[in-house]
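Analysis of the macromolecular model
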Amino acid sequence: MSPAKITIKKNDNSLHITSSGDWFHQSIGTIYNQLKQFDINPQTLSVTWDFSSMEKLDTSGIMVIIEFMRRFDASRVTFTYVGMKPDHQRMFLFYRKNFINAIPNTTNKNSIFQIIGKAFINISQGFIEFNHFIGINAYQFWLSILRPSLFRFKAIIKHLSSSGLQALPIVGLTSFLVGLVIAYQSAEQLKQFGASIFIVEMVSISVFRELAPMISAIVVAGRSASAYTAEIGIMKITEEIDAMQTMGFEPHRFLVIPRIIALMLAMPLIIFFADMMGIFGGMLIAKGQLGLTFSEFIARLHTEVPIKHILIGLIKAPFFGLIIALIGCFRGFQVTGSTDSIGKYTTISVVNASFWVIAINALISVILTELGI
Amino acid sequence: MNATTKSIVEFKDIVTQFGPNRVHDGVSFTINQGEIYGLLGGSGAGKSTLLRQMIMLQEPASGIITVLGQKINSLSPSQIEALQLQWGVLFQFGALFSSLSVLENVSVTLKEYTKLPIEVINDIAHAKIKMVGLPPHAAYLYPSELSGGMKKRVGLARALAMDPKLLFLDEPTSGLDPASARAFDRLIIELKYMLNLTVVMVTHDLDSIEYALDRFIILHDKKVLIEGTMDDVHNSQHQALDTFFNKHKS
């Protein structure tokens, strides 16, 4: 392949341009820069462009020629071209017909005020929509209470299994490791004070009240909020939700209520399992580091740690389940149009769910402390 | 067809097998330069599979496929890339990159494979967008904002971005209204003449078959039932041909 070449001969008031070689994209960049650097002399009256020794031509070559023809036109220079091969000429004329002065992109130019304003409107709109979503579901839930046969028991069982049962291994492992680490870190300190036996209260109260519920909720938020958003989002894109609606299957009653109920039922059970695994982690360290046997540990647990700590952890569970399922489903219904909005809303859903889990936990902690429990 | 015709795509004794299910059993045909060539057949006859084999998305169980003079089952990665730059593919639903605007979709290969200045790339992309019959402001829209017909046109512009010699179309007129479908056929024919293209298309659309195709094959019962022009079909007395065309006409 011979590279594109151009020679420019200047006479008194005319230009003679000759192009040769293959005018392909591989070498056209240099030609473009060469032509860009040369100015049309005001004395120039006519330009002749000779293409007879040009071997090959592609779109990029044509575009460069058109670009410069337009420049000659703009400076009122008579332009003639000679020697273009018929094939090239056909393509050239076709592209000249289709050349456009690109209109500038006006869609993406926002001032800072517009950006802030839009963000504010988006947030308030989202808030209204979320309330609307809660309202629809509350209404559907009420209808189902009046006629319990409306509850989708099969779907509830299915989600109990997929969001509850199948979450146990990862929640259990995480909680076990956290219990282990808490015990390990405190064992050294307690030993120095000769208060080794307090490892039991240390581990159990922190795990029961805060750690197990939080860890379970965050893991479930990551697993289930994303799954709900993706499932419902895909159903929305493939118009399954529209199809359901036309058949009289209210999508919230079929898709949202079962997920909410399942997760509200599953969360306390998951958290209880996480409690046990966390305590087991603590017991292992207590035995290994401090020589406290399992039976001593459990005996002290019975006498010194009141049951209320477990109950406080478990009482948060349904709230966590509710907020995770609500956010996951809500974001799923927001998915529109293209497939990349699934990724976008799945991310938002996990971030929101994790945040609200932590916020609700903080709120409940404050309330309980104020009540003196 | 005169004696100087050059074969662009050649299939020889292709056998395709999905598990125990044999889809093609000795399919052979030749596509010549400058033709608009159709791959026809009933649903499930394996038309799209043939197309996918041509563009190296799928491999046959046995047989030889030659595209643009190269046997495609024995190419090095660099040869594959060189070959891929010489063809353009329009997928059935456009397969546009949803995170890119129309302009970016059309110019993505130019940006990746050429060293052209950005002004020239944009000029090319805008011209291709106009060439396929889209309005100028469409350049800044995103695929989710386009109708099905517009998506196909953008897909076509993207397929043409690198000045391919060979254009593959998978059901280009499906999902378009009759007027738009004919307009699309006319566009393909015009582009074929203007840009010296060879076009291979899978289609179900009987009007396209009559109006746009130069030659075609009809697949039936794992084999090529007939290869030729519409006249050849009219002269042939095959039972299966009648059912194929009647089924579409009724």
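On a predicted model such as this, the values are computed, not experimentally measured, just so you know. Positions within a chain are numbered from 1, following the residues in the order the chain's sequence is written. Whichever chain is written first becomes A and whichever ligand is written first becomes 1, with later ones labelled in order. The model is predicted, so local features are restricted to residues of pLDDT at least 70 and side-chain atom pairs to those at 80 or more, both for listing and for counting; the totals for chains, interfaces and linings are taken over all residues. Excluding hydrogens and water, the side-chain values take into account all heavy atoms of the structure.

A word on the overall build of chain B
Rules: In this text, helices come from DSSP runs of H or I with a minimum length of four residues, and strands from runs of E with a minimum of two, each type numbered from the N-terminal end. Our radius of gyration looks at C-alpha atoms and nothing else; its globule reference is 2.2 Å times the residue count to the power 0.38. For each residue, the accessible area found with a 1.4 Å probe, counting protein chains only, is set against the maximum for its type, and the residue is called buried under 20%, exposed over 50%, and partly exposed in between. Throughout, a residue-residue contact means that at least one pair of heavy atoms, one from each residue, lies within 4.5 Å. Using the Shrake-Rupley algorithm and a 1.4 Å probe, accessible areas are obtained, with residue cover drawn only from the displayed protein chains.
Each helix and strand counted, chain B has 9 helices and 10 strands in total. What you see for chain B is a C-alpha radius of gyration of 18 Å, in line with the 18 Å of a compact globule of 250 residues. Taken over the C-alpha atoms alone, chain B extends approximately 55 × 45 × 40 Å along its principal axes. Within the span of chain B, comprising 250 residues, buried residues form 50% of the whole. Within chain B, residue pairs in contact and separated by at least 24 positions form 65% of the contacts whose partners lie at least 6 positions apart. For chain B, the exposed surface amounts to about 11100 Å²; the carbon and sulfur share of it is 50%.

Some details on the interface of chain B and chain A
Put simply, an interface is often sized by how much accessible area is lost when its parts join up. This is how it is decided: In short, buried area is how much 1.4 Å probe accessible area vanishes from two parts on joining, totalled over both. The salt bridge definition used is simple: a Lys or Arg side-chain nitrogen within 4 Å of an Asp or Glu carboxyl oxygen.
The partner chain A presents 28 residues to the 27 residues of chain B that form the contact. Together chain B and chain A conceal approximately 2500 Å² of surface at their shared face, both sides included; 63% is due to carbon and sulfur atoms. Across the contact surface, chain B and chain A share 1 salt bridge. The residue Lys97 of chain A makes a salt bridge to Glu190 of chain B at a minimum N-O spacing of 3.5 Å. With 9 residues, the top contributor of residues to the side of chain B that touches chain A is helix α4 (residues 118–131) of chain B.

Looking at α4 of chain B
In plain terms, the rule: Any helix carries an expected span of 1.5 Å times its number of residues minus one.
With 14 residues, α4 of chain B ought to run about 20 Å at 1.5 Å a step, and its terminal C-alpha atoms sit 20 Å apart, in line with that. Of all 14 residues that make up α4 of chain B, 10 are buried, and the element is covered over most of its length. The secondary structure elements touched by the buried residues of α4 of chain B are α1 (25–37), α2 (59–74) and α3 (86–98) of chain A together with α3 (102–113), α5 (148–159) and α6 (178–195) of chain B. The positive-phi residue at the C-terminal boundary of α4 of chain B is Gly133 of chain B, with phi of around 85°.

Topic: the sheet that holds strand β3 (residues 46–57) of chain A
Residues and elements named next belong to chain A. Note the following rule: We treat two strands as partners when DSSP finds at least two bridges between them. Helix axes are fitted only over the stretch in contact, all axes being lines through C-alpha atoms; the angle between N-to-C directions runs from 0 to 180 degrees.
Strand order across the open sheet formed by 4 strands is β1-β2-β3-β4, with mixed pairing between neighbours. Looking along the sheet, the strands with just one partner apiece sit at the ends: β1 (5–10) and β4 (78–82). For this sheet, the mean inter-axis angle between neighbouring strands, taken without regard to orientation, is 15°. One ladder, built from 6 bridges, connects β1 with strand β2 (residues 14–23); its direction is antiparallel. Bridging across to β2, Thr7 finds its partner in Thr18. Along the sheet, α1 contacts β1, β2 and β3; its crossing angle with β1, the most-contacted strand, is approximately 20°. Against the sheet, α3 touches β3 and β4, its axis set at about 115° to β3.

Details of the domain arrangement of chain A
Heads up, the rule is: Residue ranges assigned to the domains are those given by an automatic or database domain assignment.
What the domain assignment lists for chain A is domain 1 (5–97) and domain 2 (133–370). Placing the centre of domain 1 of chain A and that of domain 2 of chain A at their C-alpha centroids yields a distance of 70 Å.

Some thoughts on the packing of helix α9 (residues 251–290) of chain A against helix α10 (residues 294–304) of chain A
Residue and element names in this part refer to chain A. For clarity, the threshold we go by: Working rule for angles: under 35 degrees goes down as roughly parallel, over 145 as roughly antiparallel, 65 to 115 as roughly perpendicular, anything else as oblique. Take the far helix as your reference; a near helix turned counterclockwise from it by less than a right angle gives a left-handed crossing, and one turned clockwise gives a right-handed crossing.
Contact geometry of α9 with α10 gives a least axis separation of 9 Å together with a crossing angle of 125°. One finds that α9 runs oblique with respect to α10. With respect to the hand of their crossing, α9 and α10 are arranged in right-handed fashion. Of the residues in α10, those in contact with Ile279, Gly282, Met283, Leu284, Ala286 and Lys287 of α9 are Phe294, Phe297 and Ile298.

Re the packing of α3 of chain A against α6 of chain B
Quick reminder of the rule: When residues are grouped by polarity, Ala, Val, Leu, Ile, Met, Phe, Trp, Tyr, Cys and Pro land in nonpolar, Asp, Glu, Lys and Arg in charged, and all others, Gly among them, in polar.
Direction vectors running N to C along α3 of chain A and α6 of chain B enclose 130°, while the axes themselves pass 8 Å from each other. Regarding the angle of α3 of chain A to α6 of chain B, the classification is oblique. Along its contact with α3 of chain A, which presents Arg90, Met91, Phe94, Tyr95 and Lys97 of chain A, the element α6 of chain B presents Glu190, Leu191, Tyr193, Met194 and Leu195 of chain B. Split into classes, the residues belonging to the contact of α3 of chain A with α6 of chain B amount to 7 nonpolar, no polar and 3 charged.

Comments concerning the packing of aromatic side chains
Filter applied, for reference: Stacked, edge-to-face and tilted labels apply to pairs of Phe, Tyr and Trp rings (six-membered ring for Trp) whose centres lie within 6.5 Å, assigned for plane angles under 30 degrees, over 60, and everything in between, in that order. We count a charge as sitting over a ring when the NZ of a lysine or the CZ of an arginine lies within 6 Å of the ring centre and within 35 degrees of the ring normal.
Summed over all chains, the structure comprises 20 aromatic pairs over all chains. Ring geometry for Phe94 of chain A and Tyr95 of chain A: centres 6.0 Å apart, planes at 65°, overall edge-to-face. In this structure, Phe94 of chain A and Tyr95 of chain A share a single accessibility class: buried. Among the aromatic residues, ring-to-ring pairing joins Trp23, Trp49, Phe51, Phe72, Phe79, Tyr81 and Phe92 of chain A into one connected group. In this structure, Lys287 of chain A packs its charged tip against the face of Phe294 of chain A, placed 5.7 Å from the ring centre. Geometry around Phe97 of chain B places Arg158 of chain B over its ring, the cationic atom sitting 4.7 Å from the centre.

A look at unusual backbone geometry
All names here are of chain B. With phi around 50°, Asp163 is a residue other than glycine that occupies positive phi space. Within the secondary structure, Asp163 sits in the loop between α5 and β7 (166–170). Overall, the relative accessible area of 25% leaves Asp163 in the partly exposed class.

Quick look at the side chain of Ser107 of chain B
Residues and elements named next belong to chain B. This is how it is decided: Throughout this description, a polar contact denotes any pair of N or O atoms lying within 3.5 Å of each other; where both atoms belong to protein, one of them has to be capable of donating a hydrogen while the other can accept it, and for residues adjacent in sequence the pair is counted only when both atoms sit in side chains.
Looking at the element boundaries, Ser107 is found in helix α3. Its relative accessible area of 1% is what places Ser107 among the buried residues. One polar contact links the side chain of Ser107 to the main-chain carbonyl oxygen of Leu103, over a distance of 2.8 Å.

Let's talk about the pairing of strand β8 (residues 198–202) of chain B
All names here are of chain B. Of all 5 residues in β8, 5 are buried, a share of seventy percent or more. Taking every second residue as pointing to the same face, both faces of β8 are buried, with Thr198, Val200 and Val202 on one and Val199 and Met201 on the other. Here 4 bridges tie strand β3 (residues 36–41) to β8, and the two strands are oriented parallel to one another. Within β8, the position partnered with Gly38 by the bridge is Met201.

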